[in-house]
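Descriptive analysis of the structure
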Amino acid sequence: MADCVFCKIIAGDIPSKKLYEDALCYAFYDINPQSDTHFLVVPKAHIASANELTEENAAVVAHIFTVIPKLAKELGLESYRVINNCGEGAGQTVFHLHFHVLSGKNLGEKLV
Ligand code: AMP
Ligand code: ZN
C-alpha cells in the first residue's frame, strides 16, 4: 500500500534492522524499543489491523506465531510478551497489522 510505512520497509524503500523474512512475513527491530528486546513481526500482505482479519487472510497470523518462537529461541529469549494494538484507542499508530515481541528485565506484570 502506497502510504504505509511497513509496506515500504518490506519493499526495502525504508531501511530497517531486519531479523527474519520469508514469503509471508517480515520481522525487524522496533525503532523505538520499549524493552531490552523489542521487535515487530508483520505480514507481507497489507492488512490494516486485526479488525481486517477474515477466514481468507488470517492464516498468516498462525504462521507468524510459529515464526515468533523460532526467533525468540534464536535470540535466547526465555520469556517474552506478544502485543497487538488494534485501533487508535488501543495505541495503534501504524495501520499495517503487526505483533510486538518484547522481552527483558523491564517487563512489568501488568498489561496496562
Ligand atoms: P503501534 O503503536 O502498535 O502501531 O506500533 C507501531 C510501532 O512501530 C511503534 O512501536 C514504532 O516505534 C514502530 N515503528 C514506526 N516506524 C518504524 C520504523 N521505520 N522502523 C521500525 N519501527 C518503527
Ligand atoms: Zn502496509
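Our structure's up above, just so we're on the same page.
Let us look at the structure shown here. Along each chain, residues carry numbers from 1 onward, in the same order as the chain's sequence is written. For this description, chains carry letters from A and ligands carry numbers from 1, given in the order in which they are written. For this predicted model, a pLDDT threshold of at least 70 governs which residues receive local features, and a threshold of 80 or more governs which side-chain atom pairs are given and counted, while totals over whole chains, interfaces and linings are taken from all residues. To get the side-chain values, all heavy atoms of the structure are used, and hydrogens and water are removed first.

With that settled, the discussion passes to the coordination of the zinc ion (ligand 2). Working reference: metal with six octahedral donors, ideal angles 90 or 180 degrees; metal with four tetrahedral donors, ideal angle 109.5 degrees. Around the zinc ion (ligand 2), the protein contributes the donor atoms Cys4 (SG), Cys7 (SG), His46 (ND1) and His96 (ND1), which lie 2.0 to 2.3 Å from the metal centre. Mapped onto the sequence, the residues coordinating the zinc ion (ligand 2) show the spacing C-x2-C-x38-H-x49-H. Take Cys4 and Cys7: they sit in the same class, and that class is buried. The rule for donors is simple: N, O or S, within 2.8 Å of the metal, or within 3.2 Å if the metal is Na, K or Ca. Water isn't counted, so a site may look like it is missing partners. Relative accessible area decides the class of each residue, using a 1.4 Å probe on protein chains only: under 20% of the type maximum gives buried, over 50% gives exposed, and in between gives partly exposed.

Time to look at the pattern of salt bridges. Each salt bridge in this description consists of a side-chain nitrogen of Lys or Arg and a carboxyl oxygen of Asp or Glu lying within 4 Å of one another. Tallying each qualifying case throughout the model produces 3 salt bridges. Glu21 serves as the salt-bridge partner of Lys18, at 2.6 Å between the closest nitrogen and oxygen. Lys105 is the salt-bridge partner of Asp36, the closest N and O atoms lying 3.5 Å from each other. Taken together, the residues Asp36 in the loop between β2 (25–29) and β3 (37–43) and Lys105 in the segment after β5 (99–103) connect sequence positions 69 residues apart. Working definition: helices are DSSP H or I runs of at least four residues, strands are E runs of at least two. Numbering for both runs from the N terminus.

It is worth spelling out helix α2 (residues 59–75) at this point. Helices are assigned an expected span. That span is 1.5 Å times one less than the residue count. Given a rise of 1.5 Å per residue, 17 residues ought to cover 24 Å, and the 25 Å separating the end C-alpha atoms of α2 matches this to within 8%. Within the span of α2, buried status applies to Val60, Val61, Ile64, Val67, Ile68, Leu71 and Ala72. The buried residues of α2 occupy one face: seen down the axis, they fall within an arc of 140 degrees. Exposed side chains of α2 directed beyond 90 degrees from the buried face belong to Ala59, Lys70 and Lys73. One or two steps after α2, the chain reaches Gly76, where phi turns positive at roughly 75 degrees. Of all possible arcs, the one meant is that of the directions from the helix axis to the C-beta atoms.

Think of it this way: DSSP has to see at least two bridges between two strands before they count as a pair. Judged by pairing direction, the sheet is antiparallel, and its 5 strands sit side by side in the order β1-β2-β3-β5-β4 without closing on themselves. Both edges of this open sheet fall to β1 (18–21) and β4 (81–83), since each of them pairs with a single strand only. Ignoring which end each strand starts from, the neighbouring axes of this sheet average 20 degrees apart. To get an axis, fit a line to the C-alpha atoms, keeping to the stretch in contact for a helix; angles then go from 0 to 180 degrees between the N-to-C directions.

So, on to the nonpolar core. Within the largest apolar cluster, 16 residues are counted, with the highest numbers of intra-cluster contacts made by Phe39, Val41, Ile64, Ile68 and Phe99. In terms of residue count, the dominant contributor to this core is α2 (7 residues). We call two residues in contact when some of their heavy atoms are within 4.5 Å. In contact with Phe99, not counting residues within four places along its chain, are Phe39, Leu40, Val41, Val61, Ile64, Phe65, Ile68, Val82, Ile83 and Asn84. Among buried residues, the Ala, Val, Leu, Ile, Met, Phe, Trp, Tyr and Cys ones that are joined through side-chain atoms within 4.5 Å form a nonpolar core. Counting residues in hydrophobic clusters, the runner-up holds 10 residues, among them Cys7, Ile10, Tyr26 and Leu40.

Now for the site of ligand 1. Nearness is defined per residue: one heavy atom within 4 Å of the molecule or strand is enough. Surrounding ligand 1, one finds 15 residues, the nearest of these being Asp30, Asn85, Gly91, Thr93 and His100. Whenever a nitrogen or oxygen atom comes within 3.5 Å of another N or O atom, the pair is scored as a polar contact, on the condition that within protein one atom can donate a hydrogen and the other can accept it, and that pairs from neighbouring residues in sequence are kept only if both atoms are in side chains. Within the backbone of Ile31, an N or O atom sits 3.1 Å from a nitrogen atom of ligand 1. Interatomic distance of 3.0 Å between a backbone N/O atom of Val94 and an oxygen atom of ligand 1. Only α1 (5–11) and β2 provide two or more residues apiece to the shell around ligand 1. Residue composition of the shell around ligand 1, grouped by class: 7 nonpolar, 7 polar and 1 charged. Ten residue types, Ala, Val, Leu, Ile, Met, Phe, Trp, Tyr, Cys and Pro, are classed as nonpolar, four, Asp, Glu, Lys and Arg, as charged, and the remainder, Gly among them, as polar.

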